[in-house]
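Report on the structure
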Amino acid sequence: MVTKTHTLTIDTPARQEFFDLTPEFEEFVGGSGVANGLAVAYSQHTSCCVLLQEESEDTTYYGTQYILQDTLNVLAKIAPPTRNENQYLHPGPIHIRNAAKLRDELPAWGLNTDGHIISSLLGRSETIPVHDGRLVLGEFGRLYFGDLDSVRPRQRMVHFQVIGD
């Protein structure tokens, strides 16, 4: 049994954005030596997601594929973008005070509750079968990382792991 891991670092803008990780994930799995097994892509960031979706050739002005923008538009009806304090219960005054005192965070950075809710709905990982050394993604399947925290640019990590024979 072989297990390999890799961490990818992504610089994200101050807006909700998706990144196609398919080429990096395929390269990682292809170079792992695993012919048959499982591959996982995971992000520990609680306002981010990892998801499988098809590729949509059309994009928005910012380069977001239409299918992913449609996903954000639908989810914004469930968890509207945070525009001001007290729109959601989180973050409360204790959280904001501790974030400033312990982590030098600005109060406006707390206006990301919608990103946390959407991340919980979409999930932070995907597990994909590996067969004959290749990811089983189907004809149109792509692996995307989404940063759903729109309050500031960030440096995010996605962890890849493959296990098998």
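Parameters and conventions
- Sequence positions are assigned chain by chain, starting from 1 and proceeding in written order.
- Where totals are concerned, whole chains, interfaces and linings use all residues; where local detail is concerned, this predicted model gives features only for residues with pLDDT of at least 70, and gives and counts side-chain atom pairs only at 80 or more.
- Working from all heavy atoms in the structure, the side-chain values ignore hydrogens and water.
- Going along the chain from the N terminus, every DSSP run of H or I of four or more residues is numbered as a helix, and every run of E of two or more is numbered as a strand.
- Using a 1.4 Å probe on the protein chains alone, a residue whose accessible area is under 20% of its type maximum counts as buried, one over 50% counts as exposed, and one in between counts as partly exposed.
- Two N or O atoms count as a polar contact when they lie within 3.5 Å, although within protein this holds only if one can serve as hydrogen donor and the other as acceptor, and sequence-adjacent residues are included solely when both atoms are side-chain atoms.
- Any two residues whose heavy atoms approach within 4.5 Å are treated as being in contact.
- By definition, two strands form a pair when at least two bridges between them are found by DSSP.
- Where helices are involved, their axes are fitted lines through C-alpha atoms of the stretch in contact, as for all axes, and angles between N-to-C directions lie from 0 to 180°.
- We call Phe, Tyr and Trp rings a pair once their centres come within 6.5 Å, taking the six-membered ring for Trp, and we label the pair stacked below 30 degrees between planes, edge-to-face above 60, and tilted otherwise.
- Our definition puts a charge over a ring when NZ of Lys or CZ of Arg is within 6 Å of the ring centre and also within 35 degrees of the ring normal.

Okay, the side chain of Thr64 next. For Thr64, the location among the structural elements is in the loop between β4 (48-54) and α2 (66-78). On the accessibility criterion, Thr64 (3% relative accessible area) is buried. Only 3.0 Å separates the side chain of Thr64 from the side chain of Glu17, close enough to count as a polar contact. Residues within four places of Thr64 in sequence aside, it is in contact with Glu17, Phe18, Asp58, Thr59 and Gln69.

Here we have three strands laid out as an open sheet, ordered β2-β7-β4, and antiparallel in their pairing. The outermost strands of the open sheet, each flanked by one partner alone, are β2 (17-20) and β4. Sheet twist, expressed as the average angle between the axes of neighbouring strands with direction ignored, equals 30°. Two elements, β4 and strand β7 (residues 141-147), share seven bridges in a ladder whose sense is antiparallel. Note on β7: the bridge partner recorded for Glu54 is Gly141. On top of the sheet, helix α1 (residues 22-30) reaches β2 and β7; it is set at about 115° to β7, its chief contact. In the packing of α2 onto the sheet, contacts are made with β2, β4 and β7, and the angle to β4 comes to roughly 130°.

Enumeration according to the criterion identifies four aromatic pairs in this entry. Aromatic pair Phe19 and Phe145: ring centres 6.3 Å apart, planes at 35°, arrangement tilted. Separated by 126 residues along the polypeptide, Phe19 in strand β2 and Phe145 in strand β7 bring together distant segments of the chain. For Phe145, a relative accessible area of 0% translates into the label buried. Relative to Tyr62, the ring of Tyr61 lies with its centre 5.5 Å away and its plane at 75°, an arrangement referred to as edge-to-face. Tyr62 carries the same exposure label as Tyr61, and that label is exposed. Among the aromatic residues, those joined into a cluster by ring pairs are Phe25, Phe28 and Phe160. Its end group placed over the ring of Trp109, Arg152 keeps NZ or CZ at 3.8 Å from the ring centre.

That's the geometry; what it means functionally is another story.
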